[in-house]
Amino acid sequence: MNDYPVILAVEDFVPTLLAMYGFWLLAGLAVPAKVTAGRIGAVLIGAGGIAKSVWKLLVAGFGVDLPWLEGSLFPLMSAGAVLLIWALLPTAPWWPFAAVYAAVAGGAALAGTMKPVFILATAGVTTVSVIGAVYAGRRRARPAIALYTLGIVLVTALVPLRNHPDHETLRLQWIEQGTNTAAQLAFLTAAWLTVRAYRRSPSEVFA
């Protein structure tokens, strides 16, 4: 975070808010009994991202380092993703999802590493995009399917950027955040197109 500019820290909020709104929209497609749970999941995912963005802003703008804010990202994101996935699968029971999250969180605590939680969070939000594409496919919303796919590809492209030897340079940081912003904009647009397709013919229920 050395020489991390405030403007870059502020921009970090943009993909977080885009993604959270996309997750919120998709949660509205859950069966009525699960909509609230799905939207809580969307907010939890967003809260994880906002916590990380606030941490960056505090470090960049004020030299204040609150590690617990940075560390909140993946626990909140993974919990929210699991909850949202459960909500979007109308006939799925709750207990397997709770068991998976408990096992991952417990394993991470015992091992003293966040890697299992990171994997669950990453797999979880990717799964939400896949489910969103399935929803879109049932209404033949092909542009939405293409955008979900584009979002996944762009997020995947972040991996080599984060592992690049020059990752800490300002140029790579801007490229990484620009790629993430584009990915989340694609996801939000896909979610909006999916919801719009369902509003045109609300009689069909995903099963």
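Look a little higher up for the structure.
As a starting point, this report considers the structure included with it. For clarity, every value in this text was computed on a predicted model and none was experimentally measured.

Definitions and limits used
- Residues numbered from 1 in each chain as written.
- Predicted model: local features only at pLDDT ≥ 70, side-chain atom pairs only at ≥ 80, totals over all residues.
- Heavy atoms only, no water.
- Helix = DSSP H or I, 4+ residues; strand = E, 2+ residues; numbered from the N terminus.
- Buried < 20%, exposed > 50% of the residue type's maximum accessible area, 1.4 Å probe, protein only.
- Contact = heavy atoms within 4.5 Å.
- Phe/Tyr/Trp six-rings, centres within 6.5 Å; stacked < 30°, edge-to-face > 60°.
- Lys NZ or Arg CZ within 6 Å of the ring centre and 35° of its normal.
- 1 Å grid on protein atoms, 1.4 Å probe; cavity = no way out; pocket = protein on both sides within 12 Å on 5 of 7 lines; lining within 4 Å.
- Points joined across faces, edges and corners; volume = space filled by probe spheres on them.
- Nonpolar A, V, L, I, M, F, W, Y, C, P; charged D, E, K, R; others polar.
- Axes fitted to C-alpha atoms, helices over the stretch in contact; angles between N-to-C directions.
- Parallel < 35°, antiparallel > 145°, perpendicular 65-115°, else oblique.
- Left-handed = near helix turned anticlockwise from the far one by under 90°.

Turning our eyes to something else, we now look at the environment of R140. Structurally, R140 is set in the loop between α7 (115–138) and α8 (142–162). For R140, a relative accessible area of 63% translates into the label exposed. Residues R140 and V195 lie 55 residues apart in sequence; the distance between their C-alpha atoms is 12 Å.

All right, on to the environment of L188 then. Of note, L188 is situated in helix α9 (residues 170–200). In sequence terms L188 and L83 are 105 residues apart; their C-alpha atoms lie 19 Å from each other. Setting aside residues no more than four positions away along its own chain, L188 makes contact with L18, Y21, G22 and L25.

Once that is clear, we can look at the packing of aromatic side chains. Tallied over the entire structure, the rule returns four aromatic pairs. A ring pair is formed by F74 and F118, whose centres lie 5.0 Å apart and whose planes are at 85°; its orientation type is edge-to-face. Here F74 is found in helix α5 (residues 73–88), whereas its partner F118 is found in helix α7, with 44 residues between them in sequence. For F74, a relative accessible area of 25% corresponds to the partly exposed category. Among the aromatic residues, those joined into a cluster by ring pairs are F23, Y148 and F187. The positively charged end of R139 is found above the aromatic ring belonging to Y198, 3.9 Å away from the centroid.

Reported here for the largest pocket is a volume of approximately 1,300 Å³. Considering the residues around the largest pocket, the lining is formed by 48 residues, among which L73, F74, L158, R162 and N180 are closest to the centre. Elements with a minimum of two residues in the lining of the largest pocket: α2 (13–27), α3 (32–62), α4 (67–71), α5, α7, α8 and α9. Looking at the lining of the largest pocket residue by residue, the class counts come to 24 nonpolar, 16 polar and eight charged.

Where α8 meets α9, the closest approach of the two axes is 8 Å, and the angle between their N-to-C directions is 160°. In terms of their interaxial angle, α8 and α9 are classed as roughly antiparallel. Judged by the sense of rotation from one axis to the other, the crossing of α8 with α9 is left-handed. In terms of residue class, the contact of α8 with α9 is made up of 18 nonpolar, six polar and two charged.

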